[in-house]
Amino acid sequence: MISPTRSTAESTEPESDPPVPFFTQAETFDNCWPDIKQHLNEMFDRGKYSHGRQVAELEKALSEYTGARHVVAVNSGTDALVLLLRACGVGPGDEVVVPAFSFVASASSVALARATPAFADIDPETYAMDPASAEAAVTPRTRAVMPVHLFWQLADMGALGALAERHGLKVVEDSAEAIGMRRDGRHAGLLGDGGVLSFFPTKTLGALGDAGAVLTDDPEIAEQVAILRHHGRMGRTVDHIAGISNLSGASGTNSKMDDIQASVLLGKLPRLDDAIARRAELAAAYTELLTGVPGILRLPTVAVREVPADPVFYVYVIEAERRDALVEHLTREGIGTETYYPTPLHLQPCFAELGYRRGDFPHAEAACERTVALPFHPDLGLDDIQRVCEAVRRFYTGAAS
Ligand SMILES: *Cc1c(COP(=O)(O)O)cnc(C)c1O
């Protein structure tokens, strides 16, 4: 069923294989281009390039895709987190429990909402927040927990939801990587008070620049995010409202999405499920070829829980012995990799004043040392995967070039 998609370019050196970049979406764009162009043409005809018709259409289309009652388009996944936290009433003096292994925006969004991140360790199987460690981080100042759904699967939302209920906390999902992931049919971001999507180009649904959205079933949260993204403006009036909810007089910001990105996303969304299915095939191919390779400490698995959840492979991450040397070897062979994430959040210099130390969250720290993401995107061919896996095997069996 899977056909190698890359045509082998003619090379003057027949010995050397073509490079395998970590990410590209050239072919995907070729396929979606007619639809994207139609949306762009409508935008040009209308002459409104920001916060216009295409953005409104995208919000509606995403609401249909995810089942969210409300989708509020903003200019990045990071801003979506900041505005969602603020709309949930998070502000000065509050703490939000965040996993120590994530993209920096999971924690910096809390700081940008003028609250303080409190870190928790991860479950080493899923890389998501460990509920027991999260509970240990709860204090009387805790206002919310932020589960992050990393790589291909959801955090343990059953246990984290129960924890939030026990302590009266909001659940703000960092579902930036989680488009298409569902738990018992409910889309990521709708398993608590609200969640976000990122449309950064490398994400599962990627734009041609920065864009993001807030998902929620709560009309008040949606309204507050919509107000905050546009300088605190209500509708067409120019009253810059202050003091909504617990914002203590804080003002809004400019976080509107532009209609160019919305046009790109509208053109790609109808093919998203095909792209997700292709990602599943590619992940299975990697796992088949890497099983049993010495030096590989962990391949992706999906946790079995009481409530079934659908994984969506956003990236393919393995744990490897001598990770940095492996990365160097692959780079020499023309194979792109990424390290998500090299430093745990509790040891990032920007959070030094919080006083965490190495050893506080051993699973997060180990993940930072061992994980590496292999080339992964729907345009990848099975021949590319074979080449990557052979290069990995050569590194560990000593037959490296
Ligand atoms: C990508 C990402 C974000 C931020 O999204 P941007 O659109 O890049 O601002 C936040 N959290 C996680 C886990 C992400 O992967």
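Coordinates for the structure precede this section.
Below, the structure is looked at part by part. Just so it is clear, the structure is predicted and the values come from calculations on it, not from any experiment.

Brief notes about helix α12 (residues 382–397)
Okay, so step 1: For α12, built from 16 residues, the straight-helix expectation of 22 Å at 1.5 Å per residue is met to within 8% by its first-to-last C-alpha distance of 22 Å.
Okay, so step 2: Listed as buried for α12 are Asp384, Ile385, Arg387, Val388, Cys389, Ala391, Val392, Phe395 and Tyr396.
Okay, so step 3: Packing partners of the buried residues in α12 comprise α9 (272–290), β10 (296–298), β12 (316–320), α10 (323–332) and β13 (371–374).
Okay, so step 4: Looking one or two places after α12, you find glycine 398, whose phi comes out positive at around 85°.

Considering the site of the ligand
Okay, so step 1: In the region of the ligand, the neighbouring residues are Ser76, Gly77, Thr78, Ser102, Phe103, Ala105, Val148, Asp174, Ala176, Glu177, Ser198 and Lys203.
Okay, so step 2: Side-chain polar atom of aspartate 174 to a nitrogen atom of the ligand: 2.7 Å apart, as the coordinates give it.
Okay, so step 3: Taking lysine 203, its side chain carries an N or O atom lying 3.0 Å from an oxygen atom of the ligand.
Okay, so step 4: Within the complex, 92% of the 380 Å² of free accessible area of the ligand lies under protein.
Okay, so step 5: Residue composition of the shell around the ligand, by class: 4 nonpolar, 5 polar and 3 charged.

Structural notes on the sheet that holds β12
Okay, so step 1: The antiparallel open sheet is built from 3 strands, whose spatial order is β10-β12-β13. Pairing within the sheet leaves two strands with one partner each, and these edge strands are β10 and β13. Neighbour to neighbour, the strand axes of the sheet diverge by 50° on average, direction disregarded.
Okay, so step 2: As paired strands, β12 and β13 are joined by 4 bridges and run antiparallel to one another. Counterpart to isoleucine 318 in the pairing with β13 is valine 372.
Okay, so step 3: Strands in contact with α9 are β10, β12 and β13; relative to β12, the strand with the most contacts, it is inclined by about 20°.
Okay, so step 4: Running over the sheet, helix α11 (residues 362–370) touches β10, β12 and β13 and is turned about 45° from β13.

A few points about the side chain of serine 102
Okay, so step 1: With respect to the helices and strands, the residue serine 102 is situated in the loop between β2 (95–99) and α4 (105–112).
Okay, so step 2: Side-chain polar atoms of serine 102 contact the side chain of serine 106, separated by 2.6 Å.
Okay, so step 3: Not counting the four nearest positions on each side in its chain, serine 102 is found in contact with Val148, Leu150, Asp174, Tyr341 and Leu345.

Rules used in this analysis
Residues numbered from 1 in each chain as written. Predicted model: local features only at pLDDT ≥ 70, side-chain atom pairs only at ≥ 80, totals over all residues. Heavy atoms only, no water. Helix = DSSP H or I, 4+ residues; strand = E, 2+ residues; numbered from the N terminus. Expected span 1.5 Å × (residues − 1). Buried < 20%, exposed > 50% of the residue type's maximum accessible area, 1.4 Å probe, protein only. Contact = heavy atoms within 4.5 Å. Near = heavy atom within 4 Å. Polar contact = N/O pair within 3.5 Å; in protein donor to acceptor, adjacent residues only side chain to side chain. Areas by Shrake-Rupley, 256 points an atom, 1.4 Å probe, with all protein chains shown as cover. Nonpolar A, V, L, I, M, F, W, Y, C, P; charged D, E, K, R; others polar. Pairing = 2+ DSSP bridges. Axes fitted to C-alpha atoms, helices over the stretch in contact; angles between N-to-C directions.

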